[in-house]
Amino acid sequence: MPRYKLTIEYDGTPFAGWQMQAELPTVQGVLAEAFERFCGEKVTVAGAGRTDAGVHATGQVAHVDLSKDWRTDTVRDAMTAQLRPHPVAVLAAERVPDSFDARFSATKRHYLYRIVNRRPDLALDRDRAWRIPQKLDADAMHVAAQRLLGRHDFSTFRAAECQAASPMKTLDQLDVTRHGDEIRVVTSARSFLHHQVRSMVGSLMRVGEGRWSADDLAAALAAADRTRCGPMAPAAGLYLAAVSY
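What you see is a predicted model; the values in this text were computed from it and never measured.

Novice: Just to check I follow, could you spell out the overall build of the protein for this structure?
Specialist: Scanning the protein from terminus to terminus reveals five helices and 10 strands. A globule of 245 residues ought to have a C-alpha radius of gyration of about 18 Å, and the protein, at 19 Å, matches this closely. If one aligns the C-alpha atoms of the protein with their principal axes, the spans along those axes are about 55 × 40 × 30 Å. Each of the 245 residues in the protein was classed as buried or not, and the buried ones make up 49%. Taking all contacts inside the protein whose residues are at least 6 apart in sequence as the whole, residues at least 24 apart take part in 70%. As presented, the protein carries roughly 11,400 Å² of accessible surface, and 49% of it is formed by carbon and sulfur atoms. Positive and negative side-chain charges in the protein, numbering 32 and 29 respectively, have mean positions lying 1 Å apart.

Here is the structure:
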């Protein structure tokens, strides 16, 4: 059966996350329904990352096996039609060998977290960023963030329900930059623990407020204790930006 790699964009606001759930709208679910309408097949759309409820994607990657050898532009365009009115788009489809697996072949996942640092409410970016009214020091946040790079026990930034076999992860990138009122946190790793990115961003927010120093953040990491974590940042600001293979 031909295997197709899909690059997918979605607004996670109306969904209960990526992974299919009974009686709840999910990104994986609406993609499977769209494929059934397109080609009459019940398929499983396997994603590179299981984003949580409210989390967005600009570069999620998935694979799907179809019985017919469709042109890749036909797959993309047919899915565009069948996915309406859901806020999900297949940006590209390409043929890949059977050995390709969207999840297990991935070498790195890249996330973006958006903070809008201003007093007025969000109009255009509501449900797409975290508004923080108090002034944040993005430079201090970036300096502190570098203390989290490398291989560590990230238990402090791990959800209680995380199913990963080990809390040991290698963080390759964690950059914080200001662009006007927007602060962008960009992070990359082969894989992340459940809620790791949102937990790290919430802790970096404490640094930006001046309540924590870089040493405080490093001490929280070293404690390997969830109770030492800052507040978890909301899902609305998180985007799965890209997946490397």
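Novice: What is the right way to read the pattern of salt bridges from this model?
Specialist: Side chains carrying opposite charge are able to pair once their charged atoms draw close together. Enumeration over the complete set of coordinates arrives at 15 salt bridges. Between Asp65 and Arg3 there is a salt bridge; the shortest N-O distance is 2.7 Å. Separated by 62 residues along the polypeptide, Asp65 in strand E3 (residues 56–65) and Arg3 in strand E1 (residues 3–10) bring together distant segments of the chain. The shortest N-O distance in the salt bridge between Glu94 and Lys5 comes to 3.9 Å. With a gap of 89 residues between them, Glu94 in strand E4 (residues 88–96) and Lys5 in strand E1 connect regions that are remote in the sequence. On the basis of relative accessible area, Glu94 is assigned to the partly exposed category, the value being 37%. Judged by relative accessible area, Lys5 falls into the buried class, the value being 16%. Taken together, the salt bridges that share partners define one network made up of Arg114, Asp125, Glu182 and Arg184.

Novice: Explanation requested: the packing of aromatic side chains in the structure shown.
Specialist: Each aromatic ring pair is described using two quantities: the centre-to-centre distance and the angle formed by the ring planes. Under the definition given, this model contains seven aromatic pairs. Note on Tyr10 and Trp18: the rings are 6.2 Å apart at their centroids and 35° apart in plane angle, and the pair reads as tilted. Look at Tyr10 and you get buried, because its relative accessible area is 4%. Between Phe154 and Phe157, the aromatic rings sit 6.3 Å apart at their centres with planes inclined by 50°, giving tilted as the arrangement. For Phe154, a relative accessible area of 0% corresponds to the buried category. Through a chain of ring-to-ring contacts, three or more aromatic side chains come together here, namely Phe35, Phe38 and Trp70. Looking at Lys68, its charged tip hangs above the ring of Trp70, at a distance of 4.1 Å from the centre.

The rules behind the values
- Residues numbered from 1 in each chain as written.
- Predicted model: local features only at pLDDT ≥ 70, side-chain atom pairs only at ≥ 80, totals over all residues.
- Heavy atoms only, no water.
- Helix = DSSP H or I, 4+ residues; strand = E, 2+ residues; numbered from the N terminus.
- Rg over C-alpha atoms; globule rule 2.2 N^0.38 Å.
- Buried < 20%, exposed > 50% of the residue type's maximum accessible area, 1.4 Å probe, protein only.
- Contact = heavy atoms within 4.5 Å.
- Areas by Shrake-Rupley, 256 points an atom, 1.4 Å probe, with all protein chains shown as cover.
- Lys, Arg positive; Asp, Glu negative; His and termini not counted.
- Charge placed at Lys NZ, Arg CZ, Asp CG, Glu CD.
- Salt bridge = Lys/Arg side-chain N within 4 Å of Asp/Glu carboxyl O.
- Phe/Tyr/Trp six-rings, centres within 6.5 Å; stacked < 30°, edge-to-face > 60°.
- Lys NZ or Arg CZ within 6 Å of the ring centre and 35° of its normal.

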